[in-house]
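Spelled out from the first residue to the last, the chains are:
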Amino acid sequence: MKYLFVFVILFSVSCKSEKKGTVELEVLDFNGFTHYLEFNDSKTYVVNFWATWCAPCVKELPHFEMLQSKYKDSVEVILVSLDFPHQYDTKLVPFIQKHDLKSKIVVLDDPDMNSWIPKVDPQWDGAIPVTLIYNTSKRLFYSRTFSYQELEAELKTFLL
Amino acid sequence: MKTILTLLVLLTTVTFAQNAESKGYDIGDIATDFKLTNIDGNTVSLSNFKDAKGFIVVFTCNTCPYAVAYEDRIEALNKKYAKKGFPVIAIMPNNVQTKPGDSMEAMQKRAKEKGFTFPYLMDSDQSIFPKYGATKTPHVYVLESTDRGPVVEYIGAIDDNYKDAALVKTKYVENAVDALLSGVDFEVHKTKAIGCSIKL
């Protein structure tokens, strides 16, 4: 018997959380999500857009996980899943459990993609994976995949 | 040190070359014709369609969930617009070594299951999608036939809701083709959407 707890957050109809086992998905539309692109504090944010159906994304995920564990204090990795809602339970949650992902995970569910893709970055054409790295003094968008070495080298240019 | 410098120069050159190549077409550019193998074994070119007023060229595949979500809508576009002079031409751009689910046999099977009435071509040497600048599936190019050749009039998504055709508010491709058919200007020539990157 599985228990599904749905927390309805009264302040926002567009924001919902589902708890299943030990994995609680934070599912947001773009309005609910934008603050993840706008933190204004001493940390450097590494925002990676991915999905379990995207093979090159899955391949580079461990590099983001490793980065998060190595730079715990100065960096926050945010893994933004673009998985399909009907696959949250069948694909996404099992994937998170299987790989024991430690980084912050948010799920972006907003089908009007042309309205929000350019707001993440004007250069983004919609292919994934893409990664945004930003802090208060620098912001760069990467339409590419990373090895761990490449990712860490890129991050270091933000930590100078 | 010299080796490292040479390597760096080489890498930079390669990066620039890739960027230049991946830019592809913009609105108003003349699209290249092609000669690609269809699922029935014949080759298909735009120039085969003598009376076409234009084309709805869709880079798509079997294996991308977004492409699958749009299969029925791509078929519906062909049903609606082929007879009006804007046939759908679907091109599968993935490397089948990387994505065996997009092999010619798999394409034939899928087309049969779904009853595709449009040509479903394979970009076997992956030479056509970079010229268009397609980066993902599905990725649509609406072309208008002119004396100069097929002119790119729209690039992007089919509509604004991949999840549910019933909830679509704006049908980007239909709006573009309708406007081209009636010879009027239209507003949205480019849209963006999440898709699966084309597999090299």
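Here the structure is shown first, and the text comes after it.
Each value, and the rule that gives it
Residues numbered from 1 in each chain as written. Chains lettered and ligands numbered in written order. Predicted model: local features only at pLDDT ≥ 70, side-chain atom pairs only at ≥ 80, totals over all residues. Helix = DSSP H or I, 4+ residues; strand = E, 2+ residues; numbered from the N terminus. Buried ≥ 20, exposed ≤ 12 C-beta atoms within 10 Å, placed from the backbone. Pairing = 2+ DSSP bridges. Contact = placed C-beta atoms within 7 Å. Nonpolar A, V, L, I, M, F, W, Y, C, P; charged D, E, K, R; others polar. Bend = angle between axes of the 7 residues up to and from the residue. Right-handed = clockwise from strand over helix to strand, strands pointing away.

Novice: I tried to follow the overall build of chain A on my own but got confused; where do I start?
Specialist: Summing up its helical and strand segments, chain A has five helices and nine strands in all. In chain A, the order of α-helices and β-strands from amino to carboxyl end is β-β-β-α-β-α-β-α-β-α-β-β-β-α. Residues counted as buried form 30% of the 160 residues belonging to chain A.

Novice: Sorry, what's going on with the sheet that holds strand S7 (residues 127–128) of chain A here?
Specialist: Strand pairing in a sheet is mediated by backbone hydrogen bonds. Such pairs are either parallel or antiparallel. On the basis of which strands lie adjacent, the open sheet formed by three strands has the order S7(A)-S9(B)-S6(B) and mixed pairing. Both outer strands of the open sheet, S7 of chain A together with strand S6 (136–137) of chain B, are each paired with one neighbouring strand and no more. In terms of strand pairing, S7(A) meets strand S9 (residues 195–197) of chain B through two bridges, oriented parallel. The partner of A:Ile128 across the bridge, within S9(B), is B:Cys196.

Novice: Any chance you could explain unusual backbone geometry here in plain terms?
Specialist: Of all residues except glycine, most have a negative phi; of all peptide bonds, most are trans. Residue and element names in this part refer to chain A. Residue Pro129 is bonded to the preceding Ile128 through a cis peptide linkage, with omega at 5°. In the Ramachandran plot, Asp100 falls in the positive-phi region, its phi being about 50° despite a non-glycine side chain. Inspection of the secondary structure assignment puts Asp100 in the loop between helix H3 (88–99) and strand S6 (104–108). A count of 8 C-beta atoms within 10 Å places Asp100 in the exposed class.

Novice: Before we go on, may I ask you to explain the interface of chain A and chain B in this structure?
Specialist: Often, the extent of an interface is quoted as the loss of accessible area on bringing the components together. Contact with chain A, which involves 16 residues of that partner, is made by 15 residues of chain B. Those elements that provide at least two residues to the side of chain A that touches chain B are helix H4 (113–120) and S7 of chain A. Per element, the largest residue contribution to the side of chain A that touches chain B is four residues, and it comes from H4(A). The class makeup of the residues in the side of chain A that touches chain B is twelve nonpolar, two polar and two charged.

Novice: Explain the sheet that holds strand S1 (residues 36–38) of chain B here, please?
Specialist: All names here are of chain B. Across the sheet, which stays open at both edges, the seven strands sit in the order S2-S1-S5-S4-S3-S7-S8 with mixed pairing between neighbours. Looking at which strands have only one partner, the edges of the open sheet turn out to be strand S2 (43–44) and strand S8 (149–156). In this sheet, S8 lies alongside strand S7 (residues 139–146) in antiparallel orientation, the contact comprising seven bridges. Residue pairing for S8: Leu143 is matched across the bridge by Val152.

Novice: What is the right way to look at the environment of A:Lys91 in this model?
Specialist: All names here are of chain A. Tracing the sequence through the fold places Lys91 in helix H3. Of the residues examined, Lys91 has 17 C-beta atoms within 10 Å and is grouped as partly exposed. As for Lys91 and Glu76, which are separated by 15 residues in sequence, their C-alpha atoms are 24 Å apart. Filtering out sequence-adjacent residues up to four positions away, Lys91 remains in contact with Thr52 and Asp83.

Novice: In this structure, what is going on with helix H2 (residues 55–70) of chain A? I would like to understand it.
Specialist: Residues lying three or four places apart along an α-helix face the same way, a consequence of the helix completing one turn every 3.6 residues. Along its length, H2(A) reaches its greatest deviation from straightness, about 30°, at A:Leu61, and the proline A:Pro62 lies no more than four positions downstream. Along its buried surface, H2(A) packs onto strand S4 (44–50), strand S5 (75–81), S7 and helix H5 (148–156) of chain A.

Novice: What is the right way to read the pairing of S4(A) from this model?
Specialist: The side chains of a regular strand alternate between the sheet's two faces. Residues and elements named next belong to chain A. Taken across its seven residues, S4 has seven buried, putting it largely inside the fold. Of the two faces of S4, the one holding Thr44, Val46, Asn48 and Trp50 and the one holding Tyr45, Val47 and Phe49 are both buried throughout. Read from S4 through H2 to S5, the crossover connection turns out right-handed.

Novice: Which parts of the structure should I look at to understand the pairing of strand S4 (residues 88–92) of chain B?
Specialist: Residues and elements named next belong to chain B. Burial of S4 is extensive: five of the five residues sit out of reach of the surface. Neither face of S4 is open: one carries Val88, Ala90 and Met92, the other Ile89 and Ile91, and all of them are buried. With four bridges connecting them, strand S3 (residues 54–59) and S4 associate as parallel partners. Bridging across to S4, Val57 finds its partner in Ile89. In this fold, the crossover linking S3 to S4 by way of helix H2 (residues 65–81) has right-handed handedness. In this sheet, strand S5 (residues 120–122) lies alongside S4 in parallel orientation, the contact comprising three bridges. Paired with Ile91 across the two strands is Leu121, which belongs to S5.

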